[in-house]
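Observations on the model geometry
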Amino acid sequence: MRKLWALLLAFVLVAAACGGDDDDTTTDPTADDVSAEETSDTTEADQVEVQDVESDQAGVAGETVVGDPTPTDRGPEPSGTLDYAWHTAFSPRWFDPSVNTSSVSQFATQYILHDALVKSMPGRPFFPSLAEEYTVADDFTSVNFVLREGLTFHDGSPLTTEDVKFSFENYSGSGASTLQDMTREIELVDDRSVTFHFNGPFLDFMLLYGSTATGAGWIVPSDYYQEVGAEGFLEAPIGAGPFRFVENQDNVNIVYEAFEDYWRKNPGVQTINFNAITDAATRYAGLSTGELDLANVMTSDLLETIESDPNVDLVPTTAVPFWIEFMGYQDPESPFNDIRVREAVTLALDRTAINDGETGGGGEATGQWIPRQQQGALPAEPIEQDLDRARELMAEAGYADGFDVSALTPLPPYFSLGERVIQMLGEIGIRTELVQMDRGEFLAQVNNGTDANFEGIVVNISGAGGDAAVRVRNFAACGGAASRVCDPNIDEPFAEYEASTDPVEREELLNQIQQYIIDEHIFPYVYTLGLNMAQGPDVEQPGNEVWAQIPQYVYPGPWEDITVSG
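Residues numbered from 1 in each chain as written. Predicted model: local features only at pLDDT ≥ 70, side-chain atom pairs only at ≥ 80, totals over all residues. Heavy atoms only, no water.

**Some words on the overall build of the protein chain**
Broken down by element type, the protein chain carries 16 helices and 20 strands. When burial is assessed residue by residue, the protein chain has 62% of its 566 residues classed as buried. Across the protein chain, contacts joining residues at least 24 apart in sequence account for 73% of those joining residues at least 6 apart. For the protein chain, the accessible area works out to roughly 19,900 Å², and carbon and sulfur atoms hold 45% of it. (Helix = DSSP H or I, 4+ residues; strand = E, 2+ residues; numbered from the N terminus. Buried < 20%, exposed > 50% of the residue type's maximum accessible area, 1.4 Å probe, protein only. Contact = heavy atoms within 4.5 Å. Areas by Shrake-Rupley, 256 points an atom, 1.4 Å probe, with all protein chains shown as cover.)

Pasting the structure below:
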C-alpha cells in the first residue's frame with residue numbers, strides 16, 4: 001500500500017507555480033498576468049523556477065504526517081508597512097474561500113487573511129498548517145486531522161472541529177460536488193480531532209482539499225459566518241491567517257494588520273496595503289518612487305526602462321496556456337462541429353508571432369491547453385502554423401469561402417490577443433468581431449458551466465491549481481464547474497479514472513482523455529504567456545525568495561515571511 005501511495009502522489013503532486021489564472025490579467029494588452037517565462041534578455045539564474053517536490057514530502061498512507069511544531073520563539077514584533085500593487089480590479093468575493101472559482105487570484109487574499117488545515121507552502125505541498133498532523137487511511141477511505149492547540153480566529157474566538165465541518169459543508173466553489181459527493185460523514189472526534197469518512201477510496205482528496213485546486217480546506221468561523229451571512233462576511237471577513245482585515249476602501253485599497261496570535265510566527269510587517277492598480281506604468285512608477293514595494297506584471301514596453309532602474313528588480317515567473325473554446329460546437333449545425341474546421345483553427349495560429357507581440361517573447365511553445373508543469377500533463381509537441389493546410393481543411397469541410405462567427409471573447413483585458421487571433425482566423429476565412437466583456441461578467445460566465453452566456457469563440461486561461469485531472473474535471477467533463485463540454489469519449493474514461501485506485505490505470509486513462517482532446521482539437525492551444533513581477537528596494541528578501549515560492553501560486557508569499565526596511 002505504501003508503494004501505491006507513493007506512486008499516486010508522484011502522479012498527482014505538482015509544485016509548479018501556475019501563476020495567474022482566469023482571474024488575473026492586466027489592463028495593458030501586452031501584459032501577461034497569469035505567469036511568466038523569462039524574457040529574452042533575462043538570464044536563467046534570474047528566473048524563478050518551478051518547484052519540484054518529492055512525493056515523500058506528503059507522507060504515505062497509514063502513516064501520520066506531522067507539521068512543524070508551534071514555535072515558542074515567535075520572532076521579532078511586526079514592523080513597517082508593505083505596499084503591494086495588484087494588477088486587476090479587486091473582487092470582494094476573494095475574502096470568502098467557500099466560493100472559490102477555478103482560478104488562483106483569490107488565494108492572493110486568502111494567504112493573507114485565512115488559513116487552511118493543509119495548504120501548499122514553499123517546498124511542501126499538503127503542509128499541515130492549522131492541522132498539527134493528519135493521517136490518510138491505508139485504503140484511502142478516510143483522513144483524520146488533529147488541530148493545533150490554542151488556535152483562534154481574528155476576533156479571539158476558538159477555532160474548533162465544528163468550524164472545520166462547517167467550512168467543508170458550506171463550501172460551494174469549484175470541486176464542491178466531487179468533494180461532497182465522495183464524503184459520507186465528517187466525524188467530530190473532539191474539539192481537536194476530526195475524521196473525514198468517504199464513500200469509497202478517495203485518492204484525490206488531499207489534492208483537492210489541500211492545494212489551490214479548491215478552497216474547501218480553508219477554515220472560516222462558523223458562528224460568525226452564520227450570524228452575518230455570506231454577504232456580511234464579504235463586508236467584514238474574519239479569518240485565522242497571519243493578517244486580519246481592517247478595511248476595504250471601494251475595492252481599490254484593502255488594509256490588513258498583523259495578527260500576532262498567528263500560530264506560525266509573528267508576521268514580518270505590521271500593515272499590508274493591498275492596492276488594485278490596473279495600469280502597468282502606474283505600478284512601475286510607484287515602485288520607482290518607493291511608494292510601492294511589490295507589484296504584479298511589468299509589461300513588455302516597460303522592461304527596458306525597468307532594467308536600467310536601480311530601484312526596481314524584475315522577477316520573471318512561470319507560465320500557463322491560453323486556449324480556445326468553441327461555444328456550442330457539439331451542435332451539428334455549428335461549423336465547429338466539423339473536426340476539420342477545428343483543426344484549421346489550430347493550424348491558423350502563429351504562436352511565435354503571438355508570443356513576440358504579446359509578451360516580447362517571454363512565453364514558451366508547447367502543444368496543449370494543460371500546463372506542462374501540472375503533474376499528469378501529457379507532453380505535446382509545439383504546433384506550427386500551416387495556413388495552406390488550414391485552408392485545405394476549410395475547403396474540405398465545405399467552407400472554402402469561410403463563414404461568419406458572431407463573436408470572439410477573450411479574457412479581459414487581453415483584447416490585443418483577441419485581435420491577433422481574429423486576424424489569424426481571418427486568413428482562413430473565419431470572420432468574427434471582438435467582444436470586450438466586463439471582466440467580472442466574463443469570470444462569472446466562465447464559471448457558469450453550460451449556462452454561460454457566451455457566443456462564438458472564447459479565448460480562455462486558468463491558473464487554478466491541482467493536476468491534469470483537475471483541469472479535465474473543471475473544464476472538459478460534463479457538469480464541470482467551468483465546462484461547456486459533454487462528450488462520452490471524455491466522460492466515460494474519466495468516470496473510470498475517478499473510480500480507479502490503480503495509479504497505472506489512472507495515468508493511462510488520463511493520457512487517453514488528453515490525447516482525445518488534442519486529436520479532436522476541442523481546446524486549440526493558443527500560446528503560453530510570460531510574466532514579469534517586480535519589487536522595490538525596501539523589501540529585505542530577494543525576489544526569488546518572495547515570488548512564486550508556494551507551489552501552484554505565482555504571487556508573493558508566504559506573507560508572514562516578508563519584511564521591509566525603514
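Next comes the rest of the account.
**Looking at the state of the cysteines**
Applying the stated criterion across every chain yields a total of one disulfide. Between the sulfur of Cys478 and that of Cys486 lies a disulfide, 2.0 Å long from S to S. One disulfide, between Cys478 and Cys486, carries an S-S torsion of 65 degrees and so falls in the right-handed class. (Disulfide = S-S within 2.5 Å.)

**Quick notes on the packing of helix α15 (residues 488–499) against helix α16 (residues 503–519)**
To describe two helices that pack against each other, one gives the angle between their axes and the distance between the axes. Remark: α15 packs on α16, axes separated minimally by 9 Å, with the N-to-C direction vectors making an angle of 165 degrees. What the angle tells us is that α15 and α16 run roughly antiparallel. Every pair of crossing elements has a handedness; the one defined by α15 and α16 is left-handed. Residue-level contacts link Asn489, Ile490, Pro493, Phe494, Glu496, Tyr497 and Glu498 of α15 to Arg506, Leu509, Leu510, Gln512, Ile513, Tyr516 and Ile517 of α16. When its residues are assigned to classes, the contact of α15 with α16 shows nine nonpolar, two polar and three charged. (Axes fitted to C-alpha atoms, helices over the stretch in contact; angles between N-to-C directions. Parallel < 35°, antiparallel > 145°, perpendicular 65-115°, else oblique. Left-handed = near helix turned anticlockwise from the far one by under 90°. Nonpolar A, V, L, I, M, F, W, Y, C, P; charged D, E, K, R; others polar.)

**Points about the nonpolar core**
Ranked by internal contacts, the top residues of the largest apolar core, which has 88 residues, are Leu117, Phe145, Phe196, Phe205, Tyr209 and Trp559. Those residues in contact with Trp559 that sit more than four places away from it in its chain are Leu82, Tyr84, Ala108, Tyr111, Ile112, Phe243, Ile272, Leu294 and Tyr553. Counting 66 residues, the second largest nonpolar core, distinct from the first, contains Ile428, Ile430, Val472 and Leu529. (Core = buried A, V, L, I, M, F, W, Y, C linked by side-chain atoms within 4.5 Å.)

**So, the confidence of the model for the protein chain**
Chain-level statistics for the protein chain give a pLDDT mean of 87 and a share of 89% at 70 or above. The low-confidence segment residues 1–59 (pLDDT under 50) makes 258 contacts with residues lying over four places distant or belonging to another chain. (pLDDT = per-residue confidence, 0-100.)

**Considering a negative patch on the surface**
A cluster of like negative charges, contributed by Glu492, Glu496, Asp502, Glu505, Glu507 and Glu508, occupies part of the molecular surface. Of all elements in the fold, only α15 and α16 reach the threshold of two or more residues within the negative patch. In terms of residues, the negative patch owes the most to one element, α16, which gives three residues. (Patch = residues over 30% accessible without salt bridge, like charges linked within 9 Å, V, L, I, M, F, W, Y side chains within 5 Å. Salt bridge = Lys/Arg side-chain N within 4 Å of Asp/Glu carboxyl O. Lys, Arg positive; Asp, Glu negative; His and termini not counted. Charge placed at Lys NZ, Arg CZ, Asp CG, Glu CD.)

**A short note on the environment of Ile219**
Mapped onto the elements, Ile219 comes out in the loop between α5 (205–209) and α6 (222–235). Relative accessible area serves as the criterion here: at 0%, Ile219 is assigned to the buried category. Along the primary structure Ile219 and Ser167 are separated by 52 residues, whereas in three dimensions their C-alpha atoms are 5.6 Å apart. Ignoring any residue separated from it by four or fewer positions in sequence, one finds Ile219 in contact with His114, Asp115, Ala116, Leu117, Leu130, Phe153, Leu159, Asp163, Val164, Ser167 and Tyr209.

**Structural notes on the packing of helix α9 (residues 339–348) against helix α11 (residues 387–396)**
Axis separation between α9 and α11 bottoms out at 8 Å; the angle between their running directions is 165 degrees. Taken together, the axis directions place α9 and α11 in an arrangement best described as roughly antiparallel. You can see that α9 and α11 cross each other, and the crossing is left-handed. Contacts from Arg340, Val341, Glu343, Ala344, Leu347 and Ala348 in α9 reach Leu387, Arg389, Ala390, Leu393, Met394 and Glu396 in α11. Looking at the contact of α9 with α11 residue by residue, the classes come out as eight nonpolar, no polar and four charged.

**Thoughts on the pattern of salt bridges**
For the structure on display, the rule yields 22 salt bridges. A salt bridge links Glu427 to Arg391; the nearest nitrogen and oxygen atoms lie 3.5 Å apart. Of this pair, Glu427 sits in the loop between α12 (415–426) and β17 (430–431) while Arg391 sits in helix α11, placing them 36 residues apart in sequence. Residue Glu498 is joined to Arg473 by a salt bridge in which the shortest nitrogen-to-oxygen separation is 2.8 Å. With Glu498 in helix α15 and Arg473 in helix α14 (residues 468–476), this residue pair connects regions lying 25 residues apart in the sequence. A relative accessible area of 7% places Arg473 in the buried class. Taken together, the shared-partner salt bridges connect Asp204, Arg473, Glu498 and Arg506 into one network.

**Some points on unusual backbone geometry**
In this model, Gly557 is joined to Pro558 through a cis peptide bond whose omega is -5 degrees. Relative to the helices and strands, Pro558 resides in the segment after β20 (531–535). Within the chain, Phe140 stands out as a residue other than glycine whose phi angle is a positive 65 degrees. Along the polypeptide, Phe140 turns up in the loop between β5 (131–136) and β6 (142–147).

**A look at the sheet that holds strand β19 (residues 525–528)**
The strand order across the open sheet formed by four strands is β16-β18-β14-β19, and the pairing between neighbours is mixed. Where the open sheet ends on each side, the last strands, each with one partner, are β16 (408–410) and β19. Each strand axis lies, on average, 20 degrees off the axis of its neighbour in the sheet, ignoring direction. As paired elements, strand β14 (residues 321–326) and β19 share two bridges and run antiparallel to each other. Among the inter-strand pairings, Pro321 is bridged to a residue of β19, identified as Thr528. Strand contacts of helix α13 (residues 439–446): β16 and β18 (457–461), with the helix running at about 90 degrees to β18, the strand carrying the most contacts. (Pairing = 2+ DSSP bridges.)

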